[in-house]
Amino acid sequence: MLKTNTMEESNYIKVFTGNFIITQLMVDKLDAVGISAIIKDESESGRLGGFGTFNQGTQELYVNKDELETAIPIIESITAEMKA
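A brief look at the structure comes next.

About the thresholds
- Residues numbered from 1 in each chain as written.
- Predicted model: local features only at pLDDT ≥ 70, side-chain atom pairs only at ≥ 80, totals over all residues.
- Heavy atoms only, no water.
- Helix = DSSP H or I, 4+ residues; strand = E, 2+ residues; numbered from the N terminus.
- Buried < 20%, exposed > 50% of the residue type's maximum accessible area, 1.4 Å probe, protein only.
- Contact = heavy atoms within 4.5 Å.
- Areas by Shrake-Rupley, 256 points an atom, 1.4 Å probe, with all protein chains shown as cover.
- Salt bridge = Lys/Arg side-chain N within 4 Å of Asp/Glu carboxyl O.
- Core = buried A, V, L, I, M, F, W, Y, C linked by side-chain atoms within 4.5 Å.
- Pairing = 2+ DSSP bridges.

## As for the overall build of the chain
Step number 1: When helices and strands are tallied, the chain shows three helices and four strands.
Step number 2: Starting at the N terminus and walking to the C terminus, you meet the elements of the chain as β-β-α-β-α-β-α.
Step number 3: Taking all 84 residues of the chain together, the buried fraction comes to 32%.
Step number 4: A fraction of 68% describes how many contacts in the chain between residues 6 or more apart in sequence connect residues 24 or more apart.
Step number 5: Approximately 5700 Å² of the chain is accessible, and the part contributed by carbon and sulfur atoms is 51%.

## Comments concerning the pattern of salt bridges
Step number 1: Scanning the entire structure with this criterion turns up one salt bridge.
Step number 2: We note a salt bridge from Lys 14 to Glu 60, for which the minimum N-O separation is 3.5 Å. Of this pair, Lys 14 sits in strand β2 (residues 12-19) while Glu 60 sits in strand β4 (residues 58-64), placing them 46 residues apart in sequence. Both residues of the pair, Lys 14 and Glu 60, belong to the buried class.

## Side note on the environment of Ala 71
Step number 1: With respect to the helices and strands, Ala 71 occurs in helix α3 (residues 68-83).
Step number 2: Considered as a pair, Ala 71 and Met 26 are 45 residues apart in the sequence and their alpha carbons are 9.4 Å apart.
Step number 3: In this structure, Ala 71 is in contact with Leu 30, Ile 35 and Val 63, ignoring residues within four places of it in sequence.

## Focus: the nonpolar core
Step number 1: If you look at the biggest cluster of nonpolar residues, it comprises 16 residues, and the most contacted ones within it are Val 15, Phe 16, Met 26, Leu 30, Leu 61, Val 63 and Ile 75.
Step number 2: With six residues, the top contributor of residues to this core is α3.

## A short note on the pairing of β4
In summary, the side chains of a regular strand alternate between the two faces of the sheet.
Step number 1: Of all seven residues making up β4, six are buried, and the element is well covered by its neighbours.
Step number 2: Note that β2 and β4 share seven bridges and pair antiparallel. The residue bridging Phe 16 from the neighbouring strand is Leu 61, located in β4.

## Comments concerning the environment of Leu 25
Step number 1: Structurally, the position occupied by Leu 25 is in helix α1 (residues 20-32).
Step number 2: You can call Leu 25 partly exposed: its relative accessible area is 30%.
Step number 3: Distance in space between the C-alpha atoms of Leu 25 and Ile 75 is 9.7 Å, their sequence separation being 50 residues.
Step number 4: In this structure Leu 25 touches Ile 78 and Met 82, once residues within four positions along its chain are discounted.

Structure representation (structure tokens):
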């Protein structure tokens, strides 16, 4: 089962942390079934704010908790493909 984390006081749940390319693939697949995911990229936020960061290129992907049941099989399928 996919491990998820919740953002405090939010309806969004983190379903993936990884590089830009895989995250974008997941966003595209989720979007195809009507799920609007949110990407959190602290390295880009820090860069825009003039700060450096150690985790360049790592993004977090969040989905609404009401869409979690549909999103998890898609995320798990993509992560399984990446491991193969």
